[in-house]
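# Observations on chain architecture
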Amino acid sequence: MADGAASRSDVILDVSGLKTVFRTRGGEVHAVNDVSFDLRPGELLGVVGESGSGKSVTMMSLLGLLPQPPAEIRAGTVMFGGQDLLKTPDRDLRHIRGARIGFVFQDPMTSLNPVFTVGYQLREPLRKHMGLRNKAAQDRACELLELVGIPDARRRLSDYPHQFSGGMRQRVMIAIALACDPQILIADEPTTALDVTIQAQILDLMAELRERLKMAVIWITHDLGVIAGIADRVLVMYGGQIVEQAPVHELFTEPKHPYTQALLTTIPHIRGARADKLTVIEGQPPILSAAPAACSFAARCPVAFARCQQENPPRFAVAPDHDAACFLLTEEPAHA
Amino acid sequence: MLTFTIRRLLTAVPTLLFISLVIFLLLELAPGDPMAQVPLTVPPEVKQRMREALGLGEPVPVRFYKWLVQMFWIEPKVFIDWMTRDSWLLGWLPDTALYSGEQRVISWQTRSPVMDIIVQRLPQTLWVVGMAYVIGVLIALPIGIISAYRQYSVFDQVGTFVSMIGFSIPPFFSGVVVIVIFSVQLGWFPSIYDTTHRVVDWETFKVQISQMVMPVMVLALQTTAQISRFMRASMLDNLGQDYVRTARAKGMRERTVVLIHVLRNSMIPVVTVIALGVPSIFGGAIITEQIFKVNGIGQLFITALKANDLPMVLTVAFIFAFLIVLFNLIADVLYGVLDPRIRYD
Ligand SMILES: Nc1ncnc2c1ncn2[C@@H]1O[C@H](COP(=O)(O)OP(=O)(O)OP(=O)(O)O)[C@@H](O)[C@H]1O
Ligand code: SF4
Ligand SMILES: [Mg+2]
């Protein structure tokens, strides 16, 4: 189902057939439907999609970060380091979370615990995963704050989160995620809550750190402009599914999925301006109350045809590392 | 924080003076005569002289002033003398002799110093009502934590039901119910609290415990109901916060996440409520002590009211007011200590 282009040995994270459902009072919400992708060492994988397309839920499902209930992971495998994370008991998963896979969340204002000092929150993973204590932990914490560009690091360790600005807090979050030299960093819209200049600073910082620390990054955003600047490969999500996967250059020059094409027309052309106006695509996002039986984009697709209402298109490969879930790409298109 | 505390302490002084004036004037306005319980055979002139002996002949401002001096100057001296002489806390200090026989606040009913009577009665109240509060809080906290963490579980449902009972049934009713069940029907515990009972050995200790069980149970039920609900709500508030997810994403153990990250935040409002609730112990004592015949402050207050013993009523009411002001201050200070985002200065 996935592209199959990458050789399996060259993959550090391999997600296949992931299905996450929320059971709510109003019925089920099929937030993630049959999502498959992989991540290669040192690469930056961008994930784009409008609000509610299932980007966060997908990433949190990987590490068991969704409260269950209401969440329920119905199917799939997440292979990392030779084991399936979905079958790994929480006790063992805890040695992976924060140690081998770091997570940065969307909102820096609320993601740090307000009653503990930044130093305490930074030392916690160091103590747990690396066994660092006292002086050693303090030194490493200080080093991490310096790494993410916080001036006067040693003194700031004893400050509380409210004494930092939003951009500084996001740097602290990044420092926490990087604390134990993870192989993978998952950044869930780390710059959305920040203003444009701070956003640019964080992006530069990430580019530099990735170079320096040689880790793979999954960067979630709904800003295609950001993706263009930093990603190697991109996943486009829509209605809880991956509708297109492509190397970043191809995505912008040869988008195959009608949704991706629509997305690209919505980017403002001034570079650096915020491009979060994805909702200008006509129509509403799909209702996720059941697993899709038709193409989830059919209701908004300008080129939809009969078959789109009857089946959910699988992902068709069009080039190495490039595929899209649209019937227009079948060998024998149903219409001209 | 220190300047805040000092400022609050200073503003507490006029507040307390004002409160005592209001209590004084209210009692002044209240109908009733301290001579009402004196036999009718005593001639009116004698009663009049007795009134004057009590200081009742003097004008209101003078009497208020005298009470203030006695309460805030003479009684503290007596108290300090007692602390350095008899108490285990400061008894090792050289005895002070500040008090030199000035007129103290005297109970009209017993003719002995009001403070001495209060000090005698206080241990009973603290033992029964204070103990109930401590037990109530200690039970409430884990219940609140578990109910929130396992929201809608059987444990949570039972907890909700029991708290509803604790909330809706006042102690004067539940008190009678437990007396009927455990004393009258089952005969497990005595229905009257014997204040003269002294604990000297294991047997007498068991008797003491058995007579404390029912009043403590009744009061603790109320405290547990309130505090556990509060704890639960506060935990639920915090369990949904983003920082909880961050802690999990760092690989922290579930125990660390809940009992350190979430609990530390949830305790901020709960500690405040616990502190604010301490003075209500004494309010609760007024009724519960009547039911179980505990010879404490609450009962003292009721008997003094019935006998028109104004100095006693005034002093006890003032002590209640003082405790409320004090624990308000304590709650504010604790809030500032626990929450680094609060800056009072
Ligand atoms: N706890 C929950 N209970 C029910 N539904 C949920 C819950 N969390 C998420 N969802 C649903 O899952 C879907 C995907 O949400 P998700 O947060 O992954 O979107 P997203 O792509 O990250 O969007 P955004 O860009 O706004 O962060 C949404 O339709 C959302 O309503
Ligand atoms: S499958 Fe049909 S509806 Fe879906 S994107 Fe392609 S053309 Fe549009
Ligand atoms: Mg999201």
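Residues numbered from 1 in each chain as written. Chains lettered and ligands numbered in written order. Predicted model: local features only at pLDDT ≥ 70, side-chain atom pairs only at ≥ 80, totals over all residues.

So, on to the overall build of chain A. Within chain A, the regular secondary structure consists of 11 helices and 12 strands. Compactness check: chain A gives a C-alpha radius of gyration of 20 Å against a globular reference of 20 Å for 336 residues, within 12% of the reference. Along the first, second and third principal axes, the C-alpha atoms of chain A reach 70 × 45 × 45 Å. The buried share among the 336 residues of chain A stands at 46%. Restricting to contacts in chain A with at least 6 residues of sequence separation, those with at least 24 account for 67%. (Helix = DSSP H or I, 4+ residues; strand = E, 2+ residues; numbered from the N terminus. Rg over C-alpha atoms; globule rule 2.2 N^0.38 Å. Buried ≥ 20, exposed ≤ 12 C-beta atoms within 10 Å, placed from the backbone. Contact = placed C-beta atoms within 7 Å.)

On to the overall build of chain B. Helix and strand content of chain B: 11 helices and zero strands. Ordering the α and β elements of chain B from the N terminus gives α-α-α-α-α-α-α-α-α-α-α. Going through the 345 residues of chain B one by one, you find that 31% of them count as buried.

This paragraph deals with the packing of helix α4 (residues 114-149) of chain B against helix α5 (residues 154-168) of chain B. Residues and elements named next belong to chain B. For the pair α4 and α5, interaxial distance at closest approach is 8 Å and the crossing angle is 130°. Classified by the interaxial angle, the pair formed by α4 and α5 is oblique. Crossing hand, α4 versus α5: left-handed. Contacts from I143, I146 and S147 in α4 reach F155, D156 and G159 in α5. Tallied by class, the residues present in the contact of α4 with α5 amount to three nonpolar, two polar and one charged. (Axes fitted to C-alpha atoms, helices over the stretch in contact; angles between N-to-C directions. Parallel < 35°, antiparallel > 145°, perpendicular 65-115°, else oblique. Left-handed = near helix turned anticlockwise from the far one by under 90°. Nonpolar A, V, L, I, M, F, W, Y, C, P; charged D, E, K, R; others polar.)

Moving on to the nonpolar core. Ranked by internal contacts, the top residues of the largest apolar core, which has 141 residues, are A:A175, A:I184, A:I218, A:V236 and A:V243. Examining the composition of this core, we find that 13 residues originate from one element, α4(B), more than from any other. Split by domain, the residues of this core number at least three in each of domain 1 (41-67 + 93-100 + 184-329) and domain 2 (109-179) of chain A. (Core = buried A, V, L, I, M, F, W, Y, C linked by C-beta atoms within 7 Å. Domains from an automatic or database assignment.)

Moving on: unusual backbone geometry. A positive phi is found at A:D321, a non-glycine position, where the angle reads about 60°. Inspection of the secondary structure assignment puts A:D321 in the loop between β11 (316-319) and β12 (322-324). Of note in the backbone geometry, B:K293 takes a positive phi value of approximately 55° without being a glycine. Mapped onto the secondary structure, B:K293 falls in the loop between α9 (254-292) and α10 (297-306).

Here the focus is the domain arrangement of chain A. When the parts of a complex come together, some accessible area is lost, and that lost area is often used as the size of the interface. All names here are of chain A. When its domains are assigned, chain A resolves into domain 1 (41-67 + 93-100 + 184-329) and domain 2 (109-179). Here domain 1 and domain 2 have C-alpha centroids that lie 30 Å from each other. The interface of domain 1 with domain 2 comprises 12 residues on the first partner and 10 residues on the second. Here the element with the most residues in the side of domain 1 that touches domain 2 is helix α7 (residues 196-213); it accounts for six residues. Considered class by class, the residues forming the side of domain 1 that touches domain 2 number 10 nonpolar, two polar and no charged.

Let us look at the sheet that holds strand β10 (residues 241-247) of chain A. Residue and element names in this part refer to chain A. Strand order in this open sheet of eight strands is β6-β7-β8-β3-β9-β10-β12-β11, and the pairing throughout is mixed. The open sheet is flanked by β6 (101-104) and β11, the only strands paired with a single partner. Sheet twist, expressed as the mean angle between neighbouring strand axes with direction ignored, is 20°. Seen against the sheet, helix α6 (residues 166-178) touches β6 and β7 (184-188) and runs at an angle of roughly 170° to β6. (Pairing = 2+ DSSP bridges.)

Residue and element names in this part refer to chain B. Taken together, the buried positions of α10 are I297, G298, Q299, L300, F301 and A304. Lining the buried residues of α10 we find α4, α9 and α11 (310-338). Positive backbone phi, approximately 60°, marks N308, located one or two places after α10.

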